[in-house]
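# Breakdown of the fold
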Amino acid sequence: MKKMKTTKKRNALLYAMVTSALLCHITGGAQAEEQDQFSFDQVVITANRVPTKISETAANVTVITSEEIEKGNYHNLGDILKHTPGVNIGSYGSPGSISAPFINGSEQVIVMIDGRRMNMPNGIGGFGSATTNLTGLVGIENIERIEIVKGGRSALYGADAVGGVINIITKKGEKNQTTVKVAGGNWDGRNLSMTNQGKEGDFGWYFSADKKHLGNYTDGSGKTVDYTGVDQNAYTLRLDNKVGNGDLTVSYEYFNDENESKAAAEYDKIRQHNWDITYKESTSATTDYQVKVYQNASHRFSESSDHDVRIKGFNYQINSKLGDKHMLSSGIDWRKDEIQSSSYGNKDNTVKGLYLQDRWDIAKKFSLTPGFRYDDNGVYGKSSTPHVAANYQASDRTTYYASWGEVFHAPRFDDLYWPHQVNTYGSKTYTYDGNPDLKPETGWSMEFGINHKFDDTTEGKIAYFKRKLTDAITWKDIGKNVNNQHWIPSNVDKQKADGVELQVSKQLTPVLKGFVGFNYVDAQNKSGSADYTQDTNIPKKTWNIGVSYADEKVSVDVKGTAAFDRTDPKYYKYIEKSFWVWDADVNWKLSKEYTTFLTVNNIFDKYYDGYASYPRGGRNYVIGVKAVF
């Protein structure tokens with residue numbers, strides 16, 4: 001049996017490599033111009049908490065740019081991320097329902113906005129240990145880029161950074177400009193958005209307002225799913241100014257979501273008010289520091305439940321260049337989670353963390369980055385997570401990296417404090433209780449990868465990861481029989497996962513670009529003495545394929561996502577074990593001020609689900625016009 005599984009892995013990897021190699025050798029009708037910047041040359045912040053080129057970063061990093069986001073005309077953040085290799089989006093189907101990110105087969109992912117942690121201490125309902133709902137997070141009109149770091153990062157970010165980290169970087173005012181967008185589509189879709197940005201001397205501002213409405217959606221079979229309409233309003237404001245020798249940033253976000261869906265974990269309405277104040281200063285040519293104070297306030301409620309959450313936080317970080325070989329980063333994290341819950345009353349928890357990381361340039365081409373974090377959590381006590389990473393730049397075109405680190409995931413308030421609840425259906429009784437004695441899930445994660453520039457028009461990367469968790473938390477039935485079930489969260493599970501990601505992108509001609517991404521992920525869970533079984537939320541093989549055309553007036557993007565080897569959950573049946581879904585965007589610049597656009601999702605009206613027995617939307621479109629003044 002083990003030999004058969006190994007053979008399947010090898011065949012899947014070979015299939016991906018052959019397909020990617022074919023793409024590398026495609027030649028266009030004209031020689032492509034040299035790219036201004038390879039993606040490996042982009043500077044990212046999230047992987048090391050300091051600006052670093054991807055080629056010098058010992059991590060598997062993907063960046064989604066503002067240009068890609070603007071062309072896509074997306075409904076929400078989940079739609080933006082769904083074409084990213086290595087990322088799966090768990091959803092209950094409708095555009096307004098819960099949307100949880102999985103990275104490398106793990107729902108334990110930290111999501112941030114400008115480095116501000118957005119994870120909920122109580123969880124979001126469904127999807128195991130997920131603590132971030134992408135649907136109810138923020139509007140998308142003010143996003144500059146999204147950085148996705150795949151692999152464990154607990155040494156820098158603490159609990160929940162098991163699968164990886166998603167950091168949403170917002171726009172700041174650079175020029176005096178107003179943009180208005182009006183769009184509509186099927187499902188009674190309506191969208192009106194406006195942004196205004198400007199800069200006067202050292203002071204800049206960026207304001208965005210976004211209003212969306214969707215009615216009941218239709219799945220790929222043509223069936224309308226009732227009670228799935230959604231109304232969303234999002235407003236953001238970012239102010240930047242020079243203060244003394246440093247830079248001060250003040251940000252505010254308001255998000256309002258009213259969802260008719262009865263499947264969205266009972267939360268029909270979301271109100272969010274978030275703010276942060278950040279000050280950065282370089283005190284010398286070798287030293288800089290940052291101070292951030294923030295608060296997230298999220299009120300999620302329906303007729304039957306009410307959870308009002310406030311997260312107050314503080315971060316201080318200092319970066320010091322110690323000679324020519326060492327860049328030392330150290331910081332303090334403090335966070336207090338508070339909740340007023342209709343289910344289990346008022347609860348709070350304080351988390352204090354210290355972290356230290358040293359990028360050590362051992363040689364001209366080789367760097368070693370050890371790191372360590374210490375956390376003191378008011379609920380489950382103290383923990384420490386070491387991490388070490390190495391990066392080797394073999395040439396101007398090839399980089400190797402490897403990393404290993406311990407990871408952990410904290411119990412959610414829902415797991416710890418869920419009240420004694422008894423439900424009776426006919427002759428069956430279901431009892432639910434929280435468990436305040438839960439321990440955090442602990443384990444380790446390792447990654448190895450290669451980034452390579454084949455020529456002036458082609459780049460690719462291959463990455464391997466492996467992860468193991470013990471004391472994993474699951475709701476276990478300890479009842480006497482099937483008619484008298486008693487569910488309680490316990491540290492009885494084990495999780496293991498490993499996989500391979502391969503990507504290749506090529507500038508085929510000066511106006512045409514293509515990419516291929518392949519992922520193989522084997523994520524398995526083990527409960528008690530039972531055997532390991534495949535995680536039903538994670539397909540073993542996924543493909544991401546796209547072609548982009550862009551000239552001075554017209555841009556066209558076509559993207560396909562496929563999932564294969566999905567397994568049946570115990571109580572439900574997937575609609576299909578595999579599927580392909582294709583989306584397309586067309587943007588046509590009518591003049592310097594006006595652009596019209598058309599986006600079609602699920603072009604072939606595919607009938608499929610992203611989560612057991614919750615069908616996703618069928619063919620849908622958005623058509624509109626954007627004006628810039």
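Residues numbered from 1 in each chain as written. Predicted model: local features only at pLDDT ≥ 70, side-chain atom pairs only at ≥ 80, totals over all residues. Heavy atoms only, no water.

## Focus on the side chain of Asn122
Here Asn122 is to be found in the loop between β7 (116-117) and β8 (143-150). Overall, Asn122 belongs to the buried group, its relative accessible area being 0%. Among the polar contacts listed, one links the side chain of Asn122 to the side chain of His307, at a separation of 3.1 Å. Other than its neighbours up to four places away in sequence, Asn122 contacts Arg300, His307, Val309, Ile339, Tyr344, Arg412, Phe413 and Asp414. (Helix = DSSP H or I, 4+ residues; strand = E, 2+ residues; numbered from the N terminus. Buried < 20%, exposed > 50% of the residue type's maximum accessible area, 1.4 Å probe, protein only. Polar contact = N/O pair within 3.5 Å; in protein donor to acceptor, adjacent residues only side chain to side chain. Contact = heavy atoms within 4.5 Å.)

## A few points about the sheet that holds strand β3 (residues 60-65)
Read from one edge to the other, the open sheet built from 5 strands follows the order β3-β8-β9-β6-β7, with strand pairing classed as mixed. Either end of the sheet is taken by a strand with one partner, and the two such strands are β3 and β7. Two strands pair when backbone bridges link them, and β3 and β8 are joined in this way by 6 bridges, in the antiparallel orientation. In the sheet register, Val63 faces β8, and the bridge partner there is Glu147. (Pairing = 2+ DSSP bridges.)

## Some thoughts on the confidence of the model for the chain
Low pLDDT means the predicted coordinates in that region are not meant to be read closely. Residues of the chain with pLDDT of at least 70 account for 91%, and the chain-wide mean is 87. Throughout residues 1-37 the model reports pLDDT below 50, and contacts reaching past four residues in sequence, or to other chains, amount to 52 contacts. (pLDDT = per-residue confidence, 0-100.)

## Some points on the environment of Ala627
Mapped onto the fold, Ala627 is located in strand β36 (residues 620-628). With near-sequence residues (within four places) excluded, Ala627 lies in contact with Thr178, Thr179, Val180, Glu593 and Tyr594.

## Notes on a nonpolar patch on the surface
A grouping of Leu237, Val250, Tyr252, Trp275, Ile277, Val293, Phe314, Ile332, Trp334, Leu354, Phe372 and Tyr374 is seen on the molecular surface, where their side chains present a nonpolar patch of about 950 Å² in accessible area. Looking at the nonpolar patch, the elements that each hand over two or more residues are β14 (246-259), β15 (269-282), β18 (326-341) and β20 (366-377). Look at Leu237 and you get partly exposed, because its relative accessible area is 33%. (Patch = residues over 30% accessible without salt bridge, like charges linked within 9 Å, V, L, I, M, F, W, Y side chains within 5 Å. Areas by Shrake-Rupley, 256 points an atom, 1.4 Å probe, with all protein chains shown as cover. Salt bridge = Lys/Arg side-chain N within 4 Å of Asp/Glu carboxyl O.)

## Comments concerning the packing of aromatic side chains
Aromatic ring pairs are reported here in terms of the distance separating the ring centres and the angle at which the planes meet. Summed over the entire model, instances satisfying the criterion amount to 16 aromatic pairs. Between Tyr344 and Tyr417 the ring centres are 6.2 Å apart and the planes differ by 50°, which places this aromatic pair in the tilted class. One end of the pair, Tyr344, is in the loop between β18 and β19 (345-361); the other, Tyr417, is in helix α5 (residues 413-417), with 73 residues separating them in the sequence. The buried category is assigned to Tyr344, whose relative accessible area is 10%. Judged by centre distance (6.2 Å) and plane angle (70°), the ring pair of Tyr380 and Phe408 falls under edge-to-face. Taken together, the positions of Tyr380 in the loop between β20 and β21 (381-393) and Phe408 in strand β22 (residues 398-409) put the pair 28 residues apart, joining distant regions of the chain. Judged by relative accessible area, which is 3%, Phe408 ranks as buried. Among the aromatic residues, those joined into a ring-pair cluster are Tyr344, Phe413, Tyr417 and Trp418. The aromatic ring of Tyr532 is capped on one face by Lys496, whose charged end is 4.3 Å from the ring centroid. Over the aromatic face of Tyr532 sits the side chain of Lys526, whose NZ or CZ is 5.8 Å from the ring centroid. (Phe/Tyr/Trp six-rings, centres within 6.5 Å; stacked < 30°, edge-to-face > 60°. Lys NZ or Arg CZ within 6 Å of the ring centre and 35° of its normal.)

## Let's talk about the pairing of β18
Pairing analysis gives 16 bridges linking strand β17 (residues 306-322) to β18, with the strands arranged antiparallel. Bridge pairing in β18 places Arg310 opposite Glu338. The antiparallel hairpin formed by β17 and β18 contains 3 residues in its connecting segment, where Gly323 sits at a positive phi of about 75°. Relative to β19, β18 is paired through 16 bridges, and the arrangement is antiparallel. From the neighbouring strand, Asp337 faces β19, where its bridge partner is Asn349. Hairpin remark: β18 followed by β19, antiparallel, with 3 residues in the connecting loop.

## Comments concerning the pairing of strand β12 (residues 203-214)
For strand β11 (residues 189-200) and β12, the ladder comprises 11 bridges, and the chain directions are antiparallel. Residue pairing across strands places Ser193 opposite Asp210, the latter belonging to β12. In this structure, the hairpin formed by β11 and β12 is closed by a connection of 2 residues, where Gly201 is found at a positive phi of approximately 65°. Two elements, β12 and strand β13 (residues 230-243), share 11 bridges in a ladder whose sense is antiparallel. Among the inter-strand pairings, Phe207 is bridged to a residue of β13, identified as Leu237.

## Quick word on the pattern of salt bridges
Summed over the entire model, instances satisfying the criterion amount to 28 salt bridges. Arg117 is the partner of Asp160 in a salt bridge, and the nearest nitrogen-oxygen pair spans 2.4 Å. Here the residue Asp160 occupies a position in the loop between α4 (154-157) and β9 (164-170), and Arg117 occupies one in strand β7, the gap between them amounting to 43 residues. Residue Asp160 is classed as buried on the basis of its relative accessible area, which comes to 6%. Judged by relative accessible area, Arg117 falls into the buried class, the value being 13%.

## Here's the deal with unusual backbone geometry
Of note in this structure, Tyr227 is not a glycine but carries a positive phi near 60°. Residue Tyr227 is classed as exposed on the basis of its relative accessible area, which comes to 52%. One non-glycine residue, Asp471, lies in positive phi territory at about 55°. Of note, Asp471 is situated in strand β26 (residues 458-477).

## Quick word on the environment of Tyr227
Relative to the helices and strands, Tyr227 resides in the loop between β12 and β13. Here the alpha-carbon distance between Tyr227 and Tyr217, two residues 10 residues apart in the chain, equals 8.9 Å.

## Here we look at the nonpolar core
Leu77, Ile80, Leu81 and Ile146 are the most contacted members of the largest nonpolar core, which totals 21 residues. At the level of elements, α3 (77-81), β4 (87-91), β6 (109-113), β8 and β9 are the ones that each hand at least two residues to this core. If you look at the next biggest cluster of nonpolar residues, it comprises 11 residues, including Ala130, Phe465, Ala523 and Ile538. (Core = buried A, V, L, I, M, F, W, Y, C linked by side-chain atoms within 4.5 Å.)

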